[in-house]
Structures are given as structure tokens and as C-alpha cells.
Amino acid sequence: MDVTNTVLLWALGLLALTGGVLVFTLRSMARVTFALLGCLVCVGGVVTLLGLPYLGVVIVLMMVMEMVIMAVFMIAYMMDPAGLMPMSMVHNTRGALVISGAVFAALVAGIFLVPWPGRTGVRPKDTTFQLGRSLMEDQMLTMITLGFVLLATMVGATVLATRRGRYDRFGDELDRRPADDPAGGGVGR
């Protein structure tokens, strides 16, 4: 890893840590949501820099969509306006500090005490292919079929949810000019 990637790795790691701390120190759900989004985007960047670009991009895409959906639902359905009312993400502060400190110490001890295996063989040229193969080797046909079924379900649900087709405004013979478009204000507009 060259100097630029090392500096970028440290910067993204510190930004992710800062975002994680902000999640527990900010006082509104909306701000916490965007702090968590920033934290997880930095984690995706770290994963990308560590040699798994596909997984890093998937993490970023998933987290962006998840956090945006969460923010939209908070704005739409929360009792306080846009999740901006003061609140706290921390409950049982002393117990949480003891538990999180113990877990952190155990994880750090695990890093130094576990006998890590050495690399055998050479690193694959295409880590995306290697990851996809190890995840999907036995289930590839199932996942492809599932993808088509989900796409057909989404298209079918959209078609069934609309009351009219794109040419209905032109009449049964497609000869109505100008089109009678209810959204556009009727004939002649």
C-alpha cells in the first residue's frame, strides 16, 4: 500500500470513528441519521482501499439508500417535525460504558492474541470475481432466478397500480388530438 492509500485509509478511519461518536452525541434523529450515513460511507471507503472495491461500493450504495429512506420516513411519520426535536441516543450511560469498554478490550486483545494464518498462494487478480464466486458458487442459478422474479414483481406491481396506460389519453383508436390528459387539465390545453 503506497503513502496516498495509507493516508486515505487513516483519514477515512478517523472520519468513520468521528461519525460513530456523533451518532451517540447528537440530539436529533435526523442529524444522527446523517452522521451514521457519513460513518458507513467512510467504512465503505476503507473496505475499498483494503482491496475489495465491489464490496465497498455495495456497502456505500446500501447505506445511502437505507439512510435516505430512514430520513424520509422520519420526516413523514415522526411526531416531532423532521426528527429535529432534542432527544438522546444514550440510555443507561454507566452500563453502556462498562459493556462497550469490555467489548472493545476483548476485540483489541483478540487482534493481538489470535494466531493469524499466513497467506498461502498468490493473491487473486480479480477480488470481485473471487468474492462473488465464494459467496454465490452453489446458489448462482437461484439468485439469478430470484433477481428476475423480483424485477417482474416490481414491474407487475407498478403496472397494476396505475389506473391507465400511457396511450389511454389518446382514446381507444389513438385518434384524440389534443390528448385528454387529466393531469394536464383536460382537452385543449
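Refer to the structure above for everything that follows.
Keep in mind the model is a prediction, meaning the values are calculated, not measured.

Calculation criteria
Residues numbered from 1 in each chain as written. Predicted model: local features only at pLDDT ≥ 70, side-chain atom pairs only at ≥ 80, totals over all residues. Heavy atoms only, no water. Axes fitted to C-alpha atoms, helices over the stretch in contact; angles between N-to-C directions. Helix = DSSP H or I, 4+ residues; strand = E, 2+ residues; numbered from the N terminus. Parallel < 35°, antiparallel > 145°, perpendicular 65-115°, else oblique. Contact = heavy atoms within 4.5 Å. Nonpolar A, V, L, I, M, F, W, Y, C, P; charged D, E, K, R; others polar. Patch = residues over 30% accessible without salt bridge, like charges linked within 9 Å, V, L, I, M, F, W, Y side chains within 5 Å. Areas by Shrake-Rupley, 256 points an atom, 1.4 Å probe, with all protein chains shown as cover. Salt bridge = Lys/Arg side-chain N within 4 Å of Asp/Glu carboxyl O. Lys, Arg positive; Asp, Glu negative; His and termini not counted. Charge placed at Lys NZ, Arg CZ, Asp CG, Glu CD. Buried < 20%, exposed > 50% of the residue type's maximum accessible area, 1.4 Å probe, protein only. 1 Å grid on protein atoms, 1.4 Å probe; cavity = no way out; pocket = protein on both sides within 12 Å on 5 of 7 lines; lining within 4 Å. Points joined across faces, edges and corners; volume = space filled by probe spheres on them. Core = buried A, V, L, I, M, F, W, Y, C linked by side-chain atoms within 4.5 Å.

Chemist: Quick rundown of the packing of helix H3 (residues 53-77) against helix H5 (residues 127-136)? Include the residues and the values.
Modeler: Helix-helix packing is described using two parameters, namely the angle between the two axes and the distance between the axes. Viewed as axis vectors pointing N to C, H3 and H5 meet at an angle of 70 degrees, and their least axial separation amounts to 7 Å. As judged from the angle between their axes, H3 and H5 are roughly perpendicular. Contacts between H3 and H5 involve Pro53, Tyr54 and Leu55 from the first element and Thr127, Thr128 and Leu131 from the second. When grouped by side-chain class, the residues that make up the contact of H3 with H5 number 4 nonpolar, 2 polar and no charged.

Chemist: Before we move on, can you summarise a negative patch on the surface with the specific residues and values?
Modeler: Where like charges cluster on the molecular surface, the negative patch consists of Asp168, Asp172, Glu173 and Asp175. Within the secondary structure layout, Glu173 lies in the segment after helix H6 (140-161). Among the residues examined, Glu173 registers a relative accessible area of 65% and is labelled exposed.

Chemist: Describe the environment of Thr128, naming the residues involved and giving the relevant values.
Modeler: The residue Thr128 is located in helix H5 in this model. Put simply, Thr128 and Pro53 are 75 residues apart on the chain and 7.1 Å apart in space, counted from C-alpha to C-alpha. Excluding residues within four positions of it along the chain, Thr128 makes contact with Pro53 and Tyr54.

Chemist: Got a sec to walk through the packing of helix H2 (residues 29-49) against H3? Specific residues and values, please.
Modeler: Axis separation between H2 and H3 bottoms out at 7 Å; the angle between their running directions is 175 degrees. Judged by the inter-axis angle, H2 sits roughly antiparallel to H3. On the side of H2, the interface is formed by Met29, Ala30, Thr33, Phe34, Leu36, Leu37, Leu40, Val41, Gly44, Val47 and Thr48, while H3 contributes Pro53, Leu55, Gly56, Val57, Ile59, Val60, Met63, Val64, Met67, Met70, Ala71 and Met74. For the contact of H2 with H3, the residue count by class is 19 nonpolar, 4 polar and no charged.

Chemist: Give me the lowdown on the layout of surface pockets, citing residues and values where you can.
Modeler: Empty space among the atoms becomes visible once a probe the size of a water molecule is rolled across them. Here the largest pocket defines a volume of roughly 350 Å³. Lining the largest pocket we find 10 residues, and of these Gly20, Ala96, Leu97, Ser100 and Phe104 sit closest to its centre. Listed by contribution, the elements that provide at least two residues to the lining of the largest pocket are helix H1 (3-25) and helix H4 (93-113). For the lining of the largest pocket, the element with the highest residue contribution is H4, accounting for 5 residues. Across the lining of the largest pocket, the residue classes break down as 7 nonpolar, 3 polar and no charged. Volume-wise, the second largest pocket comes out at about 250 Å³. Counting residues per element, the ones that place at least two in the lining of the second largest pocket are H1 and H2. The leading source of residues in the lining of the second largest pocket is H1, at 6 residues.

Chemist: Explain a nonpolar patch on the surface to me, using residue names and the numbers behind them.
Modeler: Together, Met140, Met143, Ile144, Leu146, Phe148, Leu150, Leu151, Met154, Val155 and Val159 give the surface a local cluster of nonpolar side chains, amounting to about 960 Å² of exposed area. As for its placement among the helices and strands, Phe148 is situated in helix H6. Looking at Phe148, the relative accessible area reads 58%, which means it is exposed.

Chemist: Give me the lowdown on the nonpolar core, citing residues and values where you can.
Modeler: By size, the foremost hydrophobic cluster in this structure holds 6 residues: Leu12, Ala16, Cys39, Cys42, Val46 and Leu49. Looking at this core, the elements with two or more residues in it are H1 and H2. For this core, the element with the highest residue contribution is H2, accounting for 4 residues. Contacts of Cys39, omitting those with residues within four sequence positions, involve Ala16, Gly19 and Gly20.

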